[in-house]
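Structure at a glance
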Amino acid sequence: MTDTQAHGLDPRRLPRHVAIIMDGNGRWAKRRSLHRISGHIKGVEAVRAVVTASREIGIQYLTLYAFSKENWKRPEEEVKALMDLLYDYLIKELDEMLHNDIRLNAIGELTNLPARVYEKLLDTMERTRHCHGMTLTLALSYGGRAEILHAVQSIISDLENKRISHDQINLDAFPSHLWTRELPDPDLLIRTSGEYRISNFLLWQMAYTEIYVTETLWPDFGKKELIEAILDYQSRERRFGLTSEQLI
Ligand code: IPE
Ligand code: IPE
Ligand code: MG
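Residue numbering note: each chain is counted from 1, following its sequence as written. Lettering of chains starts at A and numbering of ligands starts at 1, both following the order in which they are written. Confidence filtering applies because this is a predicted model: local features only for residues at pLDDT of at least 70, side-chain atom pairs given and counted only at 80 or more, and all residues used for totals across whole chains, interfaces and linings. Excluded from the side-chain calculations are hydrogens and water; all other atoms, namely the structure's heavy atoms, are used.

**Overview of the pattern of salt bridges**
Here a salt bridge means any side-chain nitrogen of Lys or Arg lying within 4 Å of a carboxyl oxygen belonging to Asp or Glu. For the structure on display, the rule yields 24 salt bridges. Across the pair Arg103 and Glu182 runs a salt bridge whose closest N-O atoms are separated by 2.9 Å. In this pair, Arg103 is assigned in strand E3 (residues 102-107) and Glu182 in the loop between helix H6 (144-160) and strand E5 (188-191), connecting sequence segments 79 residues apart. Via salt bridges that share partners, Asp23, Arg27, Arg191, Glu195 and Arg197 belong to a single interconnected network. Elements are defined by DSSP. Helices are runs of H or I of four residues or more, strands are runs of E of two residues or more, and each kind is numbered from the N terminus.

Okay, here's the thing in structure tokens:
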């Protein structure tokens, strides 16, 4: 019996791509009268647990919303702490990624990251490029609207340089201009901390994604909670606009 079946999951109906809005670090800390940054430190532990669990379960693509474009407006001290945590994470997790055959990918306005973080990110992506067990994508300085706008600018540039013609601007070709061009659309979106909103995440890509919201705060989220989310996903009927009868 595989790890997946042992948890009651149907291995034939696993979400290929799971995306997570990791929310609630600040509230986790506040409930313990700790500084918000302690919540982020604990949040990194949850990232480790969920990355490992996803690989064990057999998820092919895991995308984590780690830092939004809007998050730059948080207090300077918090932004700095988050960037330091990201830097440490990249250094500490490289061996684990290689060991587990995990390829690191990133989406967002990456050049806005501090130079040493940006360089470490590119270096880790390069060193894990040959890994094929799972693609872990970190959304950093990411905004869904910015991504769509960037895609439009890329199309205009291709048109002006005659790399494409007007009839090549269509629903099939558009996603190849997005930062997620190498990823399938997410099948399952998990948001922790009980917030029912998308917060500018993967706006184009989530047209038909199944949404799962849990009250659990991100630092408390682990393998058990991930399995619960996937079990819930497996109980859904994805109709993509069709009727139930058409799906049989
Ligand atoms: C998510 O936790 C982490 C980031 C956005 C970087 P929050 O920091 O948003 O936690 P809450 O929402 O304040 O509890
Ligand atoms: C979304 O969480 C961004 C990340 C998890 C990185 P936020 O805490 O920033 O979102 P809002 O402000 O509650 O919408
Ligand atoms: Mg939040």
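**Here we look at the site of ligand 1**
Taken together, the residues surrounding ligand 1 are Met22, Asp23, Gly24, Asn25, Gly26, Arg27, Arg36, His40, Ala66, Asn71, Arg74 and Leu82. One of the backbone nitrogen or oxygen atoms of Asn25 is found 3.1 Å away from an oxygen atom of ligand 1. Under this definition, polar contacts are N or O atom pairs within 3.5 Å; protein pairs additionally need one hydrogen-donor-capable and one acceptor-capable atom, and for neighbouring residues in sequence, both atoms have to be side-chain atoms. The backbone of Gly26 places a nitrogen or oxygen atom 2.9 Å from an oxygen atom of ligand 1. Calculation on ligand 1 without its partners gives an accessible area of 380 Å², and the protein chains cover 87% of this total. At the level of elements, helix H2 (25-31) and helix H3 (36-57) are the ones that each hand at least two residues to the shell around ligand 1. In terms of residues, the shell around ligand 1 owes the most to one element, H2, which gives 3 residues. Gly is placed with the polar residues, together with every amino acid not listed as nonpolar (Ala, Val, Leu, Ile, Met, Phe, Trp, Tyr, Cys and Pro) or charged (Asp, Glu, Lys and Arg). In terms of residue class, the shell around ligand 1 is made up of 3 nonpolar, 5 polar and 4 charged. Nearness here has a simple test: a residue counts as near a molecule or strand if at least one of its heavy atoms is within 4 Å of that partner. Throughout, the Shrake-Rupley method with a 1.4 Å probe supplies accessible areas, and for residues the shown protein chains are the sole cover considered.

**Description of the site of ligand 2**
As a matter of local geometry, ligand 2 sits amid Ile21, Met22, Asp23, Tyr65, Ala66, Phe67, Ser68, Asn71, Arg74, Arg191, Arg197 and Ser199. Between an oxygen atom of ligand 2 and a side-chain N or O atom of Arg197, the distance comes to 2.8 Å. Contact distances for ligand 2 include 2.6 Å between an oxygen atom and a side-chain N or O atom of Ser199. Here ligand 2, which alone exposes 390 Å², has 78% of that area covered by the protein. Among the elements that line the shell around ligand 2, the one with the most residues is strand E2 (residues 61-68), at 4 residues. Its residues assigned to classes, the shell around ligand 2 shows 5 nonpolar, 3 polar and 4 charged.

**Describing unusual backbone geometry**
Phi at Asn200 takes a positive value of approximately 65°, unusual for a residue other than glycine. Within the fold, Asn200 resides in the loop between E5 and strand E6 (210-213). A relative accessible area of 17% means that Asn200 is categorised as buried. Here's how the labels work: a residue is buried when its accessible area is under 20% of the maximum for its type, exposed when over 50%, partly exposed in between, all with a 1.4 Å probe on protein chains only.

**Focus: the environment of Leu64**
Considering the arrangement of structural elements, one finds Leu64 in strand E2. Judged by relative accessible area, which is 1%, Leu64 ranks as buried. The spacing of Leu64 and Leu113 is 49 residues in sequence and 17 Å in space, taken between C-alpha atoms. In this structure, Leu64 is in contact with Ile20, Met22, Val47, Val51, Leu136, Thr137, Leu138 and Ala139, ignoring residues within four places of it in sequence. Throughout, a residue-residue contact means that at least one pair of heavy atoms, one from each residue, lies within 4.5 Å.

**Here we look at the packing of H3 against helix H4 (residues 76-99)**
What counts as an axis is a line fitted to C-alpha atoms, over the stretch in contact for a helix, and the angles between N-to-C directions run from 0 to 180 degrees. Their axes nearest at 10 Å, the elements H3 and H4 cross at an angle of 30°. The angle between H3 and H4 places the two elements in the roughly parallel class. Between H3 and H4 lies a crossing of right-handed hand. Residues Arg36, Ile37, His40, Ile41, Val44, Val47, Arg48 and Val51 of H3 form the contact with H4, whose own contacting residues are Glu77, Glu78, Ala81, Leu82, Leu85, Tyr89, Lys92 and Glu93. Considered class by class, the residues forming the contact of H3 with H4 number 9 nonpolar, 1 polar and 6 charged. Orientation categories follow fixed angle ranges, with anything under 35 degrees roughly parallel, anything over 145 roughly antiparallel, 65 to 115 roughly perpendicular, and all other angles oblique. Helix crossings are classified by the rotation of the near helix relative to the far one: an anticlockwise turn of less than a right angle makes the crossing left-handed, while a clockwise turn makes it right-handed.

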